[in-house]
Amino acid sequence: MLSVTPIPALSDNYIWLMRQDTSPEVCVVDPGDAEPVVRILEQEDLTLGTILVTHHHPDHIGGLPQLIDRYSPRVIGPDNSAIDGLTERVGKGDTCRVMGRRFDVHEVPGHTLDHIAFFTAGIPPLLFCGDTLFAAGCGRLFEGSPEQMYRSLQILAALPDDTLVFAAHEYTLANLRFAQAADPNNRDVADAIVEAQRARDLDRPTLPSHLAREKRINPFLRCGDPDVRATAARHGDTDTDQATFTTLRAWKDSF
């Protein structure tokens, strides 16, 4: 059975660790720091077989040199020369097998131009989406356009509702505060704030999220909702769903 656990890293990153019960070989996703990964591997007598990389930002690849030098893993990531050490460069439509599961690669530009996400169907389906989709939020637009990010989120939103969403940062409470401002009558958002605060008070992660839940609480996936549009209209254009997204993203940047 495949299990996924978070390795807290840096200030608010999660490095996701996948393992099978029957094997000591594991996979990690977006290792921005090598030290916490090495610590877990040594404590639990595990070996690092594969690394998945979603994009080139240092807090997602900073641990690659040390991990590659120490374990010589397979390293799969986007076709970007800025990422050293990749053994497989993948993009739209590609697949790879990791931990006995087939992963589909989706190109999801917006946060960065090279951003990809890894999705595997199963019970349950799993999505490793880096900094594209967060619990109750989405990534900042450092390189891509609002149009690109909107389309990327639509790609992810079309995945099965029971998909577990493994985002790369513990941003949930801050995102929910914005979600409540953007969607003030949404009872699901209010409930999610209570749940997330309880988890953080116990020093527990708020992730993974569920895609079906994101469709209820994430304003960036609810651009067609009349209440979200009415609130966003105070801050900019809401003539279309994409325009509403653009307005919400700009508002969130200064929220």
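Residues numbered from 1 in each chain as written. Predicted model: local features only at pLDDT ≥ 70, side-chain atom pairs only at ≥ 80, totals over all residues. Heavy atoms only, no water.

**Topic: the overall build of the protein**
To keep things clear, this is the line we draw: Runs of E in the DSSP output that reach at least two residues are strands. Runs of H or I that reach at least four are helices, and both are numbered from the N terminus. For the radius of gyration, the atoms used are the C-alpha atoms, and the globule rule reads 2.2 Å times the number of residues raised to 0.38. Think of it in three bands: residues with accessible area under 20% of the maximum for their type are buried, residues over 50% are exposed, and the middle band is partly exposed, with areas taken using a 1.4 Å probe on protein chains only. It only takes one pair of heavy atoms within 4.5 Å for two residues to be counted as in contact. In short, Shrake-Rupley with a 1.4 Å probe defines the accessible areas, and a residue's cover is counted only from the protein chains shown.
Secondary structure assignment for the protein yields nine helices and 14 strands. Relative to its length of 255 residues, the protein is compact, with a C-alpha radius of gyration of 18 Å against a globular reference of 18 Å. For the protein, the C-alpha atoms occupy an extent of roughly 55 × 40 × 30 Å along the three principal directions. Across the 255 residues in the protein, those meeting the buried criterion constitute 54%. Taking all contacts inside the protein whose residues are at least 6 apart in sequence as the whole, residues at least 24 apart take part in 57%. Counting every atom, the protein has about 11100 Å² of accessible surface; 48% of that belongs to carbon and sulfur.

**A closer look at the UniProt feature "binding site: Zn(2+) 2" (unreviewed entry) in the protein**
How we decide: UniProt positions are given in the numbering used here, feature names are shortened, and annotations may be inferred rather than shown by experiment. A 1.4 Å probe that fits into a set of points on a 1 Å grid over the protein atoms alone but cannot get out defines a cavity; an open set with protein on both sides within 12 Å along at least five of seven lines defines a pocket, and lining residues are those with an atom within 4 Å of a point.
As annotated in UniProt, the feature "binding site: Zn(2+) 2" (unreviewed entry) corresponds to D59, H60, D131 and H169 in the numbering used here. A maximum C-alpha distance of 10.6 Å is found for the annotated residues, which run over 111 residues; spatially they form one tight group. Of the annotated set, the members that line the largest pocket are D59, D131 and H169. Within the fold, D59 resides in helix α2 (residues 58-61). Here D59 falls in the partly exposed class, since its relative accessible area comes to 22%.

**Concerning the layout of surface pockets**
The criterion, for reference: Grid points are joined across faces, edges and corners, and a volume is the space filled by probe spheres set on the points. Residue polarity is assigned by list, with Asp, Glu, Lys and Arg as charged and Ala, Val, Leu, Ile, Met, Phe, Trp, Tyr, Cys and Pro as nonpolar; anything else, Gly included, falls into the polar class.
Estimates place the volume of the largest pocket at around 220 Å³. Looking at the largest pocket, it is lined by 15 residues, and the ones nearest its centre are H111, F134, G139, R140 and Y171. Residue assignment for the lining of the largest pocket shows that the elements contributing at least two residues are α5 (172-182) and α9 (241-253). Residue classes in the lining of the largest pocket are distributed as five nonpolar, five polar and five charged. Considering only enclosed or pocket space, the second largest pocket measures out at about 160 Å³ in volume. Along the walls of the second largest pocket sit K92, G93, H106, E107, P109, Q148, R151, S152 and I155, which together make up its complete lining.

**Quick word on the sheet that holds strand β9 (residues 116-120)**
Operational definition: Strands are treated as partners if at least two bridges between them are detected by DSSP.
In spatial order, the strands read β7-β8-β9-β10-β13-β14; together these six strands make up an open sheet with mixed pairing. Bordering the open sheet on either side are β7 (95-98) and β14 (209-210), each of which pairs with just one other strand.

**Observations concerning the side chain of K252**
Under the convention used in this document: In summary, the charge assignment counts Lys and Arg as positive and Asp and Glu as negative, without counting His or the chain termini. Here, a salt bridge means any side-chain nitrogen of Lys or Arg that lies within 4 Å of a carboxyl oxygen of Asp or Glu.
By the element assignment, K252 lies in helix α9. Of the side chains with opposite charge, D253 lies nearest to the buried K252, which makes no salt bridge, at 6.7 Å. Sequence-distant contacts of K252, that is, excluding residues within four places in its chain, are made with N175, F178 and F220.

**A word on the side chain of T120**
Under the convention used in this document: Polar contact criterion, stated in full: a pair of N or O atoms within 3.5 Å, where within protein one must be able to donate a hydrogen and the other to accept it, and residues adjacent in sequence count only if both atoms are side-chain atoms.
Residue position: T120 is located in strand β9. Given the relative accessible area of 0%, T120 is considered buried. A distance of 3.2 Å separates a polar atom in the side chain of T120 from a polar atom in the side chain of R101. Within polar-contact distance, the side chain of T120 engages the backbone oxygen of R102 at 2.9 Å. Apart from residues lying up to four places away in sequence, T120 is in contact with R101, R102, F103, P125 and L126.

**Overview of the sheet that holds strand β4 (residues 47-52)**
To summarise the sheet geometry, strands pair through backbone hydrogen bonds and adopt either a parallel or an antiparallel arrangement. Note the following rule: For helices, the fitted line uses only the C-alpha atoms of the stretch in contact; every axis is such a line through C-alpha atoms, and the angle between N-to-C directions lies from 0 to 180 degrees.
Spatially, the six strands line up as an open sheet ordered β1-β2-β3-β4-β5-β6, and their pairing is mixed. Strands at the two margins of the open sheet, each flanked by one partner only, are β1 (2-9) and β6 (88-90). This sheet shows a mean twist of 25° between the axes of neighbouring strands, independent of strand direction. By the bridge criterion, four bridges tie strand β2 (residues 13-20) to strand β3 (residues 25-29) in an arrangement that is antiparallel. The partner of W16 across the bridge, within β3, is V29. In this fold helix α1 (residues 34-43) packs onto β1, β2, β3 and β4, with an angle of close to 135° to the strand it touches most, β1.

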